[in-house]
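Listed below, chain by chain, are the residues.
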Amino acid sequence: MLLTTVVFLPLLCALILVFWPQSKTLRFAALGFSIVEFIVSLTILTNFDKGTAQLQMVEKHLWIERFGISYHLGIDGISLWLVLLTTFLTPIVILGAWNGIQDRVKGFHISIFFLQFAMIGTFLALDAIFFYVFWELSLIPMYFMIGIWGGARRIYATIKFFIFTMSGSVLMLLAMIYMMFLVQESTGTMSANILDFYKLNVPFVAGTFFSLQTLLFFAFALAFAIKVPIFPLHTWLPDAHVEAPTPGSVILAGVMLKMGTYSFLRWVLPLFPEASEYWAWLFLLLGVVGIIYGALVAMVQPDVKKLVAYSSVSHMGYIMLGMFSFNIFGVSGSLFQMLNHGISTGALFLLIGMIYERTHTREIVKYGGLAGRLPLFTIFFFIMTLSSIAVPLTNGFIGEFLILLGAYKANPVLAGFAVSGVVFGAVYMLWMFKKVFFGPEGEVLKDVHHPVKDLSKREIAVLVPLVILVFWMGIFPNHFMDYSKSSLDYLVKNMKQYELTVHDPKAPGALQAGVQR
Amino acid sequence: MKLVFPGIADLIHISPLIALFLCSLIPITIKIFRGNKEQPAVATLIQGLIGIAISLALLLVFGGTGQTAFADNLIFDGLTYWSGFIALSAAALSLFLMYENPSTTGDQFSELTFLTLNSALGMLILTSATDLLIIFIGLELMSLSLYLMIGMSHEEKLSKEAAFKYFILGSFASAIFLYGTAFIFGTAKTTNILAIMEQSPDLMETHKLYLFGIVLIMLGYCFKVSLAPFHAWTPDVYQGAPTPISAYMATAIKCVSFTSFLRVVLTGSVISSVHLFDILQWIAVITMLVGNTAAIIQGNLKRMLAYSSIAHSGYILIGVIAAGVSQEPSFASTGVLYYLLSYSLMTLGAFAMVALMERSENEIVNIDDLAGFSKRHPILALCFTIFLLSLAGIPPTVGFFGKFYVFSSAIAEGLIWLTVWGVINSVISVYYYLRPIVVMYMKDGDSVVATHSLHATKGTIVATAILIIILGLTSGALFELVQNTL
């Protein structure tokens, strides 16, 4: 029941908020609900068995019997941290939006909870159609969030966001239906259960695009690649990020992009191992191109939010690079980097939102010399910059190092190019940092009528948990990686005959069962 | 040919039809006795609803058994049962809308109720008919009533044009249908679909004229369900007709015509002719493309919904084709019926929203008029959003599951390319379905609903919105329920 609670509690919160009176207490209620949800989700950790790669806390009820579609939730080392990241970021986002969102406050909080519901569902669903429902459902609240509370070009950005994502996912739906029929062919009954999908052996022919496994692989990969986004499909992301309100950007960068990369690990690699391996060069290449392209474009951005948005493209390139190197370093690095990116980019968006609330501009040239007036803000921004450029002792270092290690083992040439991305990353972040915080005082500071104040207590409370995590994850990465180690090990070693079962904690020897296979 | 006299069993079978006809007479008879003065509109409404309710109850009790009546000319199987159910429900909801709409309420409401019930009667005949001539009678009874209903609008210009256009083109389509029937009678020596079904594959090979007849009959259907390139009347007629009647046409007519179309397709004609199979596939693709791309540029909400309804005909045709080539057609047919149900629900809701905005019979509702709607009427805006998302096929609404079932049945038959066209089109459609939502939620304005009492319309909207979610979540049970009756 725990996973059901974690998924549906936000929906319940959203429903309660619908009937909550429109008053000052609304924000407190929302914050309270999100903290309760976080605490509930933390209890997953205590019940989680680190030693197994199998699915835990599984709940399954038939939903549409004729098609073998079920209500099917389960968790393993891959989805665990992404769920916790979602529940962790939500209270932060709500607290961060305390002053920023003044219009339609109730609708905003309902959207946040609805979004949280859909995202957690996506991470936990183990049934193709059930997963698809959550996947599409998550578009709607984000669509409203960008469209209602966004900036000047919000309508263009939000429609682009919706249509891009939707156009990828419909082909995935067809592929899912096709696979359901494949299951029917091999076992006699139709099923959308991912565990049955894993058992399928989809025929693969190398050297042609028109082999069954390749086609299905690309139908799935396209949907996820748009969400990630991988290089040529990324154009919706800068628009969406720039136009979205701060909380929207944080959730978008922090969690929604991870839905794409997570789904690669859950759906693409294990389901279509031969095709993934055969086409890995394409994704490695696009990953590296994304790293360098994102960094170069970020360098010339006049708008600080757009700079961070392009840095996201670059960081997501790393994650793809690590994942498609198919070794334990690369894959665990990419999972770790998913969390890092959620924390550091999320924090950067929050910080940019805070300074935007004060100055109503995001142009780098108008800032300058902020360090003298806003010491606290500068410190927090500096820590997050370090995390973003992967300085040792911060979380970013662990992720990028592991990814580069893995990539080097898989393809030394591409790894060489990817390393240059690390340098570029330092260049654009530090340039930006220099221009914003040092040098002569800029336009916004000279405006004597609107003196810029340093961080308030609320804002510090928003940022401190993120800073703690940056160092915690940077210094003790094993506290986090231990939980996902078994699952990732199992994935890397058994990709060709990946099969998951439901973990039974009472069975003897269950602890080792997953790893030994 | 053996002559069979109708027995009591036949009368029991057609009791829904008889009830509908008798009840339709009540309001106009009362009007005559009152010296040609209208009774209160509420009374007329209630009489009409009672008629539909009795008919529906009789259909639910006696229908769905798979038995035939009147020497195999009418059949009361699952298809009749469910499409009759959808058509009668749509008629009832449309009647609600007519009661409150400025262009239909007032001094001719009892005639309108009479005509509504009679067109519903035609629909019941159409869905249950298994003889091409009986189908024709059903089609005509349904259409003739509708020509009048469209023309009876209080609005002076567009509705008359619409009625005339629909009448002229509809007559052509009927003539083509009859022409096709003649060819079939000439080659197969019968006009009964059940009889044709057994000999259809042979006839395809021996008689080219038989294929000709089948094609002409299908053209007649293509007109009725507005498949491209026979769709041109749809936007004009839907726009010109009073909104409640557009809603009625878009849902009930499409539903029963598709059911009857399905019966003809299930004769095995499609599976035995590759050419026909190809043509139908292309018609489906072109219909979806035409409907969706044309809808993008519409500013008028009703015209947009009209083009969207054309596009949905294309999706439904995918299911019909799948049923036509399937060894086990009940699977695909169920998909089609579920799609029709879902489509009827969301389209009715969307047209009810248009009706809500009409302050007078001459009012034209544009998408831009919705600006600021969500601030003034949050619940109605939410309902409209649900309708549009469902039309676009976003889960977990009925619209999504309708598409899911139809595409599944097509994939089961290996029609992959057709489904790829289908999903590409549903992405295109997202663009225009999102536009009213954008205007409602993201633009400021002073949008208002009509000032007169609109409780029935609002009730219809809220009820359909709730049903869209509930029937979406319970779609599996519903699917099995339907499939078991087929």
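On a predicted model such as this, the values are computed, not experimentally measured, just so you know.

Next up on the list: the overall build of chain B. Within chain B one finds 20 helices and two strands. Its C-alpha atoms give chain B principal-axis dimensions of roughly 65 × 55 × 40 Å. Evaluated residue by residue, chain B yields a buried proportion of 60% over its 486 residues. Within chain B, residue pairs in contact and separated by at least 24 positions form 80% of the contacts whose partners lie at least 6 positions apart.

A separate point is the overall build of chain A. Along chain A, the regular secondary structure elements total 23 helices and two strands. On the principal axes, the C-alpha backbone points of chain A span a range of 75 × 55 × 45 Å. Buried residues in chain A amount to 60% of all 517 residues.

Before going further, it helps to examine the interface of chain B and chain A. Listed per partner, the contact involves 23 residues of chain B and 28 residues of chain A. Looking at the side of chain B that touches chain A, the elements that each hand over two or more residues are helix 17 (398-412), helix 18 (416-442) and helix 20 (475-485) of chain B. With eleven residues, helix 18 of chain B is the single largest residue contributor to the side of chain B that touches chain A. The class makeup of the residues in the side of chain B that touches chain A is 17 nonpolar, five polar and one charged.

All names here are of chain A. As for its position among the elements, Y143 is in helix 6 (residues 139-149). A sequence separation of 16 residues divides Y143 from I159, and the C-alpha atoms of the two residues are 7.5 Å apart. Those residues within four positions of Y143 in sequence are excluded, and the remaining contacts are T158, F161 and F162.

Another aspect to go through is the nonpolar core. M176 and F220 of chain A together with V336 of chain B are the most contacted members of the largest nonpolar core, which has 380 residues in total. Among the elements that make up this core, the one with the highest residue count is helix 14 (residues 329-357) of chain B (20 residues). In this structure, M176 of chain A is in contact with A128, I129, Y132 and A192 of chain A, ignoring residues within four places of it in sequence.

A separate point is unusual backbone geometry. V228 of chain A connects to P229 of chain A through a cis peptide bond whose omega is -10°. With respect to the element layout, P229 of chain A can be found in the loop between helix 9 (212-227) and helix 10 (236-243). The omega torsion of the bond from A228 of chain B to P229 of chain B falls at 0°, within 30 degrees of zero and hence cis. Its location among the elements puts P229 of chain B in the loop between helix 9 (208-224) and helix 10 (233-240). Its identity as a non-glycine residue notwithstanding, H360 of chain A has a phi of 55°, on the positive side. The residue H360 of chain A is located in the loop between helix 15 (328-359) and helix 16 (370-373) in this model.

Residue and element names in this part refer to chain A. In the sheet, strand 1 (residues 56-64) pairs with strand 2 (residues 69-75) via six bridges, with the strands oriented antiparallel. Bridge assignment links K60 to a residue of strand 2, and that residue is H72. Here strand 1 hands over to strand 2 after four residues, with G68 in that stretch at a positive phi of 65°.

Moving on, we get to helix 20 of chain B. Turning to helix 20 of chain B, its buried residues number three or more, namely S475, L478, F479 and V482 of chain B. Taken end-on, helix 20 of chain B shows its buried residues confined to a sector of 100°, consistent with a single buried face.

Residues and elements named next belong to chain B. Contact geometry of helix 14 with helix 17 gives a least axis separation of 8 Å together with a crossing angle of 155°. Comparing their axes, helix 17 and helix 14 come out roughly antiparallel. Considering only the axes of helix 14 and helix 17, their crossing is left-handed. Within the contact between the two elements, helix 14 uses F331, A332, G335, V336, Y338, Y339, S342, Y343, L345 and M346 and helix 17 uses V398, G399, F401, G402, Y405, V406, S408, S409 and A412. Split into classes, the residues belonging to the contact of helix 14 with helix 17 amount to 13 nonpolar, six polar and no charged.

Once that is clear, we can look at the packing of helix 18 (residues 395-410) of chain A against helix 19 (residues 412-437) of chain A. Residues and elements named next belong to chain A. Where helix 18 contacts helix 19, the two axes come as close as 8 Å, and the packing angle between them is 155°. For the element pair helix 18 / helix 19, the angle class is roughly antiparallel. Facing helix 18, whose interface residues are E400, L404, A407 and Y408, helix 19 presents P412, L414, A415, A418, V419 and V422. Along the lines of polarity and charge, the residues of the contact of helix 18 with helix 19 split into nine nonpolar, no polar and one charged.

The next thing to look at is helix 7 (residues 158-188) of chain B. Since the α-helix packs 3.6 residues into each turn, any two residues three or four apart lie on the same face. The first and last C-alpha atoms of helix 7 of chain B sit 44 Å apart over 31 residues, in line with the 45 Å expected at 1.5 Å per residue. Of the residues trailing helix 7 of chain B, K189 of chain B is marked for its positive phi of about 65°.

Per-residue confidence for chain B gives a mean pLDDT of 89; residues scoring 70 or more make up 99%. Of the two predicted TM-score estimates for the complex, the pTM is 0.93 and the ipTM is 0.92.

The subject of this paragraph is the environment of T261 of chain A. Residue and element names in this part refer to chain A. Relative to the helices and strands, T261 is located in helix 11 (residues 246-271). C-alpha of T261 to C-alpha of T235: the two residues are 26 residues apart in sequence and 17 Å apart in space. When sequence neighbours within four positions are dropped, the list of residues in contact with T261 reads V228, I319, M323, S334 and M338.

Below, the discussion takes up the confidence of the model for chain A. Residues and elements named next belong to chain A. For chain A, the mean per-residue pLDDT works out to 89, and 97% of the residues sit at or above 70. Of all secondary-structure elements in chain A, the lowest mean pLDDT belongs to helix 23 (residues 510-516), at 45, while helix 5 (residues 128-137) reaches the highest, 93. Segment residues 509-517 is flagged for pLDDT under 50; beyond a separation of four residues in sequence, or across chains, it makes 19 contacts in the model.

Parameters and conventions
Along each chain, the written sequence defines residue order, and numbers are assigned to residues from 1. As a convention, the first chain written is A and the first ligand written is 1, with the rest following in written order. For a predicted model such as this one, the threshold for reporting local features is a pLDDT of at least 70, and the threshold for listing and counting side-chain atom pairs is 80 or more; totals across whole chains, interfaces and linings nevertheless cover every residue. Helix and strand assignments come from DSSP, with helices taken as H or I runs of at least 4 residues and strands as E runs of at least 2, each series counted from the N terminus. With C-beta atoms placed from the backbone, the exposure class of a residue follows from how many other C-beta atoms lie within 10 Å of its own: 20 or more, buried; 12 or fewer, exposed; in between, partly exposed. By the criterion used throughout, residues are in contact when their C-beta atoms, derived from the backbone, lie within 7 Å. Residue polarity follows a fixed list, in which Ala, Val, Leu, Ile, Met, Phe, Trp, Tyr, Cys and Pro are nonpolar, Asp, Glu, Lys and Arg are charged, and the others, Gly among them, are polar. For this entry, the nonpolar core is defined as buried Ala, Val, Leu, Ile, Met, Phe, Trp, Tyr and Cys residues connected by C-beta atoms within 7 Å. A pair of strands counts as paired when DSSP detects no fewer than two bridges linking them. Throughout, the arc means that of the directions going from the helix axis to the C-beta atoms. In this description, a line fitted to the C-alpha atoms serves as the axis of each element, helices being fitted only across the stretch in contact, and the angle between N-to-C directions of two axes falls anywhere from 0 to 180 degrees. Roughly parallel refers to an angle under 35 degrees, roughly antiparallel to one over 145, roughly perpendicular to one between 65 and 115, and oblique to any angle outside these ranges. Definitions for this section: a left-handed crossing has its near helix turned counterclockwise from the far helix by less than a right angle. A right-handed crossing has that turn clockwise. A helix's residues, less one, multiplied by 1.5 Å, set its expected span. Predictor confidence is given residue by residue as pLDDT, running from a minimum of 0 to a maximum of 100.

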